[in-house]
Amino acid sequence: MSMPVAAWNLFICKACGLVYDEEKGDADSGLAAGTRFADIPEDWACPLCGVSKADFEPYVMEEAPLRDARRGASARPSSARRDAGTVIVGAGRAGWQMAQSLRARDPAMPITLVTSCSGDVYDKPMLSVAMARRMAPAGLARESGAAAARRLGVRLLAQTQALRILPQSRQLRTNRGALRYRHLVLAHGAEARRLPQLPPALCWHINHLSAYTAFRAALGEGQPRRIAIVGAGLIGCELANDLALAGHQVTLLDVAQRPLASCLDEEQSGQLLQAWAGLPLAFAGGVQVESVAIDKEEGTLKRITTACGQVFRVDHIIVAAGLQTPNRLALSAGLAWNNGIAVQPQSLATSVEGIHALGDCISVDGQVSRFIEPIARQAQTLAASILGRADQPYEQVRVPLRIKTGSLPFTL
């Protein structure tokens, strides 16, 4: 008589929220379906954010704190409903992580989340590997914004622009009216850096799911396209690798002489170029783009001209020239600024009482850390502070950098 198979277990990454399912395994990490978590090598890294196996913990689909939160949200006393509560700006990972951390600690606090998009929950790193993994844009969202709001007992104001902060009266002005707040959390992230010689009307800036969805629709199905990517940093190289694996002809341009020059040493960059040798991917280093225009000979193509006179004719141009923190809200509130919203290293406090910030929009001593891993810890620190406790000071640590160039990935 055969022994029954033990139930399959789930394990969640505490840093990024990725769930490892023993039944499905993780083919990208070489783990076959049915691989038990206990049998995974200790040096295995999270395929999404790069942290170690030790950073995973057992996971159940609906944890008790969230069940309690929903019950509490539906049975709040009238005094709690009149409380202005916490307003969060941004529905990326930082915004939703902040809402979840607050709700886990306080089932009754009114929470409003303001976002200019739909608020759907997805993993942004997946945008640069989706084509090689044959993932349609519609399948990238793990949960709709409306469903996440119901689960956490949060008021979601989707498709809403945050315009200005009035700290004296504790109001956030939006295009749908003013919102009172007791605590305001800025989690709006960073935006793609725009360069004057690369007009937005002719170029793609892929920094969120809606832009990626539009880009994939423009690519169409079946026919390979000629695509230029300006910027051979982390995002540019990952997108170039993914598009080339999908059969598109990619030209990767950068002012540096080698790809990922700020992350990889000369030998590693050489290894990456060698791994790309069999793909329709050409790297052009030491190149400064001077202008972009519609090609006069073929009106459907874009013409890129470099400072040294090189010309590239392509169907699509993606700009991956880095990120910058938008400063409009911070300036309106008079927040201290230092390459981002300046926060205290341990408390993450901004310079204005009642206003907090986390994620890609903050800087500590002028340094930004635009990675997934710190966000959950930052949210825990701010949730404790908002609720009047200082029991979880934030610690700035070096985090692993996982470069998802599928032809030759790196973890640094």
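In case you missed it, the structure is sitting above this.
Everything numeric in this text was worked out from a predicted model, so none of it was measured.

Points about the side chain of Thr 174
Stage number 1. Note on placement: Thr 174 falls in strand β10 (residues 171-174).
Stage number 2. Of note is the side chain of Thr 174, whose polar atom sits 2.9 Å from the backbone nitrogen of Arg 176.
Stage number 3. A distance of 2.7 Å separates a polar side-chain atom of Thr 174 from the backbone oxygen of Gly 177.
Stage number 4. Dropping the residues within four chain positions of it, Thr 174 is found in contact with Thr 160, Gln 161, Ala 162, Leu 163 and Leu 179.

Here's the deal with helix α6 (residues 234-245)
Turn by turn, an α-helix covers 3.6 residues, leaving residues three or four places apart pointing in a common direction.
Stage number 1. Over its 12 residues, α6 runs 17 Å from end to end, which matches the ideal 16 Å to within 8%, given 1.5 Å per residue.
Stage number 2. Taken across its 12 residues, α6 has 9 buried, putting it largely inside the fold.
Stage number 3. Check the buried side of α6 and you find it contacts α5 (209-219), β14 (226-230), β15 (249-253), β16 (281-284), β20 (316-319) and β25 (402-403).
Stage number 4. Taken from the residues just after α6, Gly 247 is the one with a positive phi, measuring 100°.

Concerning the pairing of β10
Stage number 1. Here β10 shows a clear split, with Leu 172 and Thr 174 buried on one side and none of Gln 171 and Arg 173 buried on the other.
Stage number 2. By the bridge criterion, 4 bridges tie strand β9 (residues 162-166) to β10 in an arrangement that is antiparallel. Considered in β10, the bridge of Ile 165 is made with Leu 172.
Stage number 3. As consecutive antiparallel partners, β9 and β10 are separated by 4 residues, and within that stretch Arg 170 has a phi angle of approximately 50°, a positive value.
Stage number 4. Across 4 bridges, the pairing between β10 and strand β11 (residues 177-180) is antiparallel. Residue pairing in the sheet places Thr 174 in a bridge with Gly 177 of β11.

Some points on the sheet that holds β11
Stage number 1. Strand order in this open sheet of 3 strands is β9-β10-β11, and the pairing throughout is antiparallel. Among the strands making up the open sheet, the edge pair consists of β9 and β11. Across the sheet, the axes of successive neighbouring strands diverge by a mean angle of 25°, strand direction being ignored.

Brief notes about the packing of aromatic side chains
Each aromatic ring pair is characterised by the separation of its centres together with the angle its planes make.
Stage number 1. Across all of its chains, the model carries 6 aromatic pairs by this definition.
Stage number 2. Aromatic pair Tyr 20 and Trp 44: ring centres 5.9 Å apart, planes at 65°, arrangement edge-to-face. With Tyr 20 in strand β2 (residues 19-21) and Trp 44 in the loop between β2 and β3 (56-59), this pair connects stretches of sequence that are 24 residues apart.
Stage number 3. A relative accessible area of 7% places Trp 44 in the buried class.
Stage number 4. Pairing Trp 44 with Phe 56 gives two aromatic rings, centres 5.2 Å apart and planes at 45°, and the pair type is tilted.

Each value, and the rule that gives it
- Numbering of residues begins from 1 in every chain and follows the order in which that chain's sequence is written.
- With pLDDT at 70 or above as the cut-off, local features in this predicted model cover only qualifying residues; side-chain atom pairs require 80 or more to be listed or tallied, and sums for whole chains, interfaces and linings still use all residues.
- With hydrogens and water set aside, each side-chain value is computed from the structure's full complement of heavy atoms.
- Counting from the N terminus, the helices are the DSSP runs of H or I reaching at least four residues and the strands are the DSSP runs of E reaching at least two.
- In protein, a polar contact means a hydrogen-donor-capable atom and an acceptor-capable atom, both N or O and within 3.5 Å, with residues adjacent in sequence counting only if both atoms are side-chain atoms; elsewhere, any N or O pair within 3.5 Å suffices.
- In this description, contact between two residues means that some pair of their heavy atoms is separated by no more than 4.5 Å.
- Helix span, as expected, comes to 1.5 Å for every residue beyond the first.
- For every residue, the accessible area obtained with a 1.4 Å probe (protein chains only) is divided by the maximum for its type, and the residue is called buried under 20%, exposed over 50%, and partly exposed between those limits.
- Strand pairing follows a simple DSSP-based rule, namely that at least 2 bridges must link the two strands.
- Geometry is summarised by axes, namely lines fitted to C-alpha atoms with helices restricted to the contacting stretch, and by angles between N-to-C directions that run from 0 to 180 degrees.
- What counts as a ring pair is set by centres within 6.5 Å for rings of Phe, Tyr and Trp (its six-membered ring), and what kind of pair is set by the plane angle: stacked under 30 degrees, edge-to-face over 60, tilted for all other angles.

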